[in-house]
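Residue-level structure breakdown
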Amino acid sequence: MNSAALALADGFDLKQLTDAFYDDPFPTYRALREHAPVKRMPDSSVFLTRHADLTAVYKDAKTFSSDKREEFGPKYGDSALFEHHTTSLVFNDPPLHTRVRRLIAGALTPHHTAAMEGGLVQLVDRLLDAMQARAEAGETVDLIEAFAGAIPVEIIGNLLGVPEAGRAPLRGWSLAILGALEPVLSDEVKARGNRAVTEMLACLEGLVAQRGHAPLDPETDVLTRLIQGEVIAAPGTAPGSTSGRERLLAKELLHNCIFLLNAGHETTTNLIGNGLKCLLDRPDQKRRLITQPGLINSAIEEVLRFESSNQLGNRITTAEVQVGGVTLAARTQVTLCIGAANRDPAPFPEPDCFDIGRTPNRHLAFGSGIHQCVGMGLGRLEGRIAIAAFLARFPEYRLALPAVRSRRVRFRGHLALPCSLLG
Ligand code: HEM
């Protein structure tokens, strides 16, 4: 038995992470998978790292609840952040989850997602033109600020119908709210998160009032869909008969719009940023993708597996249950480590090798089960178009200054990737 790995697994505490862990958590994840796959934390929650265990938890949404009131009460107190997170569909069980999900999913079908492709290609081209002009003027360009972070915010802005002039604060709000989900929270980060929720609520209230007076096509406009609610089938009547509409409460509507921004923003920014960084670090794989552009789909799946944007998920047990051979009492908080499961050698041979042609690739980057990501088609499309177009335009890009990784355990990505684009 490897004693260094054993020590890593023994000493692991999600609330006491080191700089070395943030730089590269994968040796720790490996040690946990091998020596303590159901790891008990000092706060008596458990941390799961095996692919099979995560899959089993995702499948059983009754025993593994997503309701976060118990966890977030002490963390946020009576605050805007508490109201926001505990009203978002992702942190709720049915029936609220089912109602909101149905409305959002109806506007993000493969058909709707495909319809966004033309606008996305144009947006990416505009950003690449602006980056090229800066590069030709001799500037170093930060790929996060100028590219990876600029795409999703526009896409979600379009989805929610936020006017162009009002989009500047969206990214900052989203980063502040998601930052407050980290396991350890300073007063400053909490205050910033609360401020962001309050400001974003005010912005959305205006939009909702406007849309209430002048609805758009509910087929394509998410905000109109969420305002109008869903038609309820009358029990015991012929298919198509309705007994009226079920509408979300005002606060459910507003908080789920905020969640949509948060869900689709940093995750997709990180997919694009992590993808460009993985390729930068592996010239052989970059060359392979440039010479075989048809590999873009499997390359995106490999980035999602290898450097999963969203590394952690959470559940709470509603009854005594066994996971990985260990009995968990009811009300046990469970952290699902997606980043570790996606490097599990059981489903992924040579899991630490980044292979853009990997197949099969049954990663859990979008979760699984009833909460599986509603926007995964859109996230994939953004990643595919952004990375393919970037490589076609700047095949010789290289780092001009060191990359800056964000110091977060839940969302894995970079704050800056300063590059020389023209080689
Ligand atoms: C690479 C990009 C993305 C990644 C890695 C990602 C990841 C995830 C994960 C892991 C979950 C499941 C959370 C859980 O089970 O607790 C989730 C849920 C969700 N995602 Fe994404 N996501 C991405 C992009 C998007 C986009 C673009 C949107 C929409 C615009 C979106 C909307 C949602 C929603 C609404 C949920 C909640 C689903 C539910 O609770 O039923 N995501 N996402």
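Since the structure is predicted, the reported quantities are computational estimates derived from the model, not experimental observations. (Residues numbered from 1 in each chain as written. Predicted model: local features only at pLDDT ≥ 70, side-chain atom pairs only at ≥ 80, totals over all residues. Heavy atoms only, no water.)

**Comments concerning the state of the cysteines**
Counted only if it meets this: Disulfide: a pair of cysteine sulfur atoms within 2.5 Å of each other.
On inspection of all chains with the given rule, the structure shows zero disulfides. Here Cys-278 stays unpaired: no disulfide links it, and the sulfur of Cys-353, its closest cysteine neighbor, is 11 Å away.

**Here's the deal with unusual backbone geometry**
We apply this condition: Helical segments are the DSSP runs of H or I of at least four residues, strand segments are the runs of E of at least two, and each set is numbered from the N terminus. For each residue, the accessible area found with a 1.4 Å probe, counting protein chains only, is set against the maximum for its type, and the residue is called buried under 20%, exposed over 50%, and partly exposed in between.
Cis geometry marks the peptide bond from Pro-94 to Pro-95, where omega comes out at 10°. By secondary structure assignment, the location of Pro-95 is in the loop between helix 6 (80-87) and helix 7 (96-106). A positive phi angle is found at Ser-44, which is not glycine, with a value near 70°. Within the secondary structure, Ser-44 sits in the loop between strand 1 (38-40) and strand 2 (46-48). For Ser-44, a relative accessible area of 44% corresponds to the partly exposed category.

**Here we look at helix 6**
This is how the line gets drawn: For this analysis, residues touch if any pair of their heavy atoms sits within 4.5 Å.
Within the span of helix 6, buried status applies to Leu-81, His-84, His-85, Thr-86 and Thr-87. Its buried side turned inward, helix 6 meets helix 5 (69-76), helix 7, helix 12 (170-179), helix 13 (187-213) and helix 15 (250-281).

**Things to note about the packing of aromatic side chains**
Which entries qualify depends on this criterion: Stacked, tilted and edge-to-face pairs are distinguished by plane angle, under 30 degrees for stacked and over 60 for edge-to-face with tilted covering the rest, among Phe, Tyr and Trp rings (Trp via its six-membered ring) whose centres lie within 6.5 Å. Any Lys NZ or Arg CZ that is within 6 Å of a ring centre and within 35 degrees of that ring's normal is treated as a charge sitting over the ring.
Taken as a whole and judged by the stated rule, the model has twelve aromatic pairs. Between the aromatic rings of Phe-21 and Tyr-29, the centroid separation amounts to 5.7 Å while the plane-to-plane angle is 80°, which identifies the pairing as edge-to-face. By relative accessible area, Phe-21 is classed as buried at 7%. Between the aromatic rings of Phe-26 and Tyr-29, the centroid separation amounts to 5.8 Å while the plane-to-plane angle is 80°, which identifies the pairing as edge-to-face. Of this pair, Phe-26 and Tyr-29 both sit in helix 3 (residues 26-35), three residues apart, which is roughly one turn of that helix. The buried category is assigned to Tyr-29, whose relative accessible area is 1%. Through a chain of ring-to-ring contacts, three or more aromatic side chains come together here, namely Phe-12, Phe-21, Tyr-22, Phe-26, Tyr-29 and Phe-47. In this arrangement the basic side chain of Arg-305 is found over the ring face of Phe-348, its NZ or CZ atom lying 5.2 Å from the centre. A cation over a ring is seen here: Arg-343 above Phe-26, with NZ or CZ 3.6 Å from the ring centre.

**Comments concerning the coordination of the iron atom of the ligand**
The condition that has to hold: Note on donors: an N, O or S atom is included if it sits within 2.8 Å of the metal, or within 3.2 Å for Na, K and Ca, and water is never included, so sites can look incomplete.
For the iron atom of the ligand, the protein contributes exactly one donor atom, Cys-373 (SG), at 2.3 Å. As for its position among the elements, Cys-373 is in the loop between helix 18 (338-341) and helix 19 (376-393).

**Focus: the environment of Ile-296**
Note on placement: Ile-296 falls in helix 17 (residues 296-306). Owing to a relative accessible area of 11%, Ile-296 belongs among the buried residues under this scheme. Through-space distance from the C-alpha of Ile-296 to that of Gly-118 is 18 Å; in sequence the pair is 178 residues apart. Non-local contacts of Ile-296, meaning those with residues more than four positions away in its chain, are made with Leu-289, Arg-384, Ile-387 and Ala-388.

**Observations concerning the nonpolar core**
Taken as a class, soluble globular proteins show a tendency for nonpolar side chains to be buried jointly. Where we set the bar: As used in this record, nonpolar core signifies buried Ala, Val, Leu, Ile, Met, Phe, Trp, Tyr and Cys residues forming a set joined through side-chain atoms within 4.5 Å.
Counting 90 residues, the largest nonpolar core has Met-131, Phe-147, Ile-151, Phe-390, Tyr-397 and Leu-421 as the members making the most contacts within it. It is helix 15 that contributes the most residues to this core, 13 residues altogether. Within the second largest apolar cluster, 17 residues are counted, among which are Ala-31, Phe-47, Leu-312 and Cys-337.

**Section: the site of the ligand**
As a reminder, the rule being used: Proximity is defined per residue: if any heavy atom of the residue lies within 4 Å of a molecule or strand, that residue is considered near it. In the analysis that follows, any N or O atom pair within 3.5 Å is treated as a polar contact, provided that within protein one partner can donate a hydrogen and the other can accept it, and provided that, for residues neighboring in sequence, both atoms belong to side chains.
In the region of the ligand, 26 residues are neighbours, and His-97, Arg-101, Arg-315, His-371 and Cys-373 sit closest. In the environment of the ligand, an oxygen atom lies 2.8 Å from a nitrogen or oxygen atom belonging to the side chain of Arg-315. In the environment of the ligand, an oxygen atom lies 2.6 Å from a nitrogen or oxygen atom belonging to the side chain of His-371. When contributions to the shell around the ligand are tallied by element, the ones reaching two or more residues are helix 7, helix 11 (150-160) and helix 15.

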